[in-house]
Amino acid sequence: MERYRPKTALASAADHLLRLLIAWIAGVGWFVALWGLSLPALTAGTALGGLFWLCTRLLGKKRMQKKEAALRRTLGGELALEKLLLLSETETVTQCIHWLQSRTNLQITEPMSKGGLGTWDGASVLFRLFAQHPGTEITSQQVSEVIREALQVKTQRLLLCTTAPLSQAAMRVAETEETKLRLVGREELIQLAGACSPATDEDLCRLKQRKSKRRSAREWLKIVLHPSRAKRYFWYGAGLAALTLVTGQRFYPIPAAICLLLFIGCKLYAARHRAESWS
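Residues numbered from 1 in each chain as written. Predicted model: local features only at pLDDT ≥ 70, side-chain atom pairs only at ≥ 80, totals over all residues. Heavy atoms only, no water.

### Side note on a nonpolar patch on the surface
Quick note on the threshold: Exposure above 30% relative accessible area and no salt bridge define the residues that can form patches, which grow by joining like charges within 9 Å and nonpolar side chains of Val, Leu, Ile, Met, Phe, Trp and Tyr within 5 Å. Here, Shrake-Rupley sampling with a 1.4 Å probe gives the accessible areas, and only protein chains in the shown set may cover a residue. Take a side-chain nitrogen of Lys or Arg and a carboxyl oxygen of Asp or Glu: if they are within 4 Å of each other, that pair is a salt bridge. Secondary structure counts use DSSP, requiring at least four H or I residues in a row for a helix and at least two E residues in a row for a strand, with both numbered from the N terminus.
Residues Leu 21, Trp 24 and Ile 25 make up a contiguous nonpolar surface patch of about 300 Å² in total accessible area. By the element assignment, Ile 25 lies in helix H1 (residues 9-35).

### Section: the packing of aromatic side chains
Under the convention used in this document: Aromatic contacts are taken between Phe, Tyr and Trp rings whose centres are within 6.5 Å, Trp giving its six-membered ring; a plane angle under 30 degrees counts as stacked, one over 60 as edge-to-face, and the others as tilted. Counted as over-ring charges are cases with an Arg CZ or a Lys NZ within 6 Å of the ring centre that also lie within 35 degrees of the ring normal.
All chains considered together, the criterion is met by three aromatic pairs. For the ring pair Phe 234 and Phe 263, a centre distance of 5.2 Å and an interplane angle of 50° mean the geometry is tilted. Of the two residues, Phe 234 sits in helix H9 (residues 230-247) while Phe 263 sits in helix H10 (residues 253-278), which places them 29 residues apart along the sequence. Feature note: the residues Phe 234, Trp 235 and Phe 263 constitute an aromatic cluster, connected by ring pairs. A cation over an aromatic ring shows up here: Arg 157 above the ring of Trp 120, its NZ or CZ 4.3 Å from the ring centre.

### Structural notes on the environment of Val 93
Filter applied, for reference: Relative accessibility decides the category of a residue: with a 1.4 Å probe and only protein chains considered, values under 20% of the type maximum give buried, values over 50% give exposed, and everything between is partly exposed. Only heavy atoms enter the contact rule, under which two residues are in contact if any of them lie within 4.5 Å.
Mapping Val 93 onto the fold places it in helix H3 (residues 89-101). Taking relative accessible area as the criterion, Val 93 reaches 8% and is therefore assigned buried. Residues Val 93 and Lys 114 lie 21 residues apart in sequence; the distance between their C-alpha atoms is 6.2 Å. Setting aside residues up to four positions removed in sequence, Val 93 forms contacts with Lys 114, Gly 115, Phe 127 and Leu 129.

Structure (C-alpha cells):
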C-alpha cells in the first residue's frame, strides 16, 4: 500500500510551477521568434502561454480522473484479497468465482474443495484456488498435484487462481504441463476484484488513517538502529572518511562520524536485543 502514498505539498507545488513556466516559455518563445523581443511579443506570448497552461490543466484533470478510477480499482482489489484470506474455504471459492464470472463465461456445475468442475468457453474445466498470504510462494508440489487431479478427471482445461506468487520451480512445472493451464495470478485477481468492488471514500479514509499513525520515539529508534542497516552505515562512513583523506575537505568528517556512530549503535542495539531475548 505504500506505493500509493500521494505527493507532498511541496512536490505538487513544484510540479505546478514547472508546468506554468514551461507553458509561458513556449508561448513567449513563439511570438519572440515571429516578432522579435518587444512588448507586444511578450504580452501575446504570455496570453498564449496562459492558454497552453489551461489546456494542459484540463487534460491533466481528465487524466487524473482516469488514474483515480484505476487506483480505486487497484486499491479495492487489494482490500478484497486481504479480506479473502479471512473467509472460510467455501466463501473464498464462491467469491473468486464471482470475480471470474464478471469477465468470463465460467460456469461451475460441481463444486469441490478449493474449487470445482465446470465449463469454460465450451470446454470442460477444473477450477482451483490457492488462497494464501502473498509472503509465501506457491510450491511446485502444489501445482503438480492440481495438474495430476486435472488429468485424472480428464478435463480439457485447468483454471488456477492464486493470491500468492509462484516459485520458479512451480512456474517451470506450469509451463510443461499437458493440460491447457490458465493461470490467474495475484495482480490479475486484484484487477478482477477491483472491477467488481472499487475502493469507496470510506475505504480511502481508513487507509489514510492507517498510514498517518504516528510512530513513537522508541519505534523510530528501532527502525534507525535495525541490524540490517549496520553494513550500509559502515560503508557510508568509510566512503566519506576516504573522501576526507583524498579531498581534504572539512565537511566530510562530520557525516562520516555520524554514519560510523550509527553503525556502532546498530551493533550495540543488536547485542542488547539478543541479551534480552535470552534472558
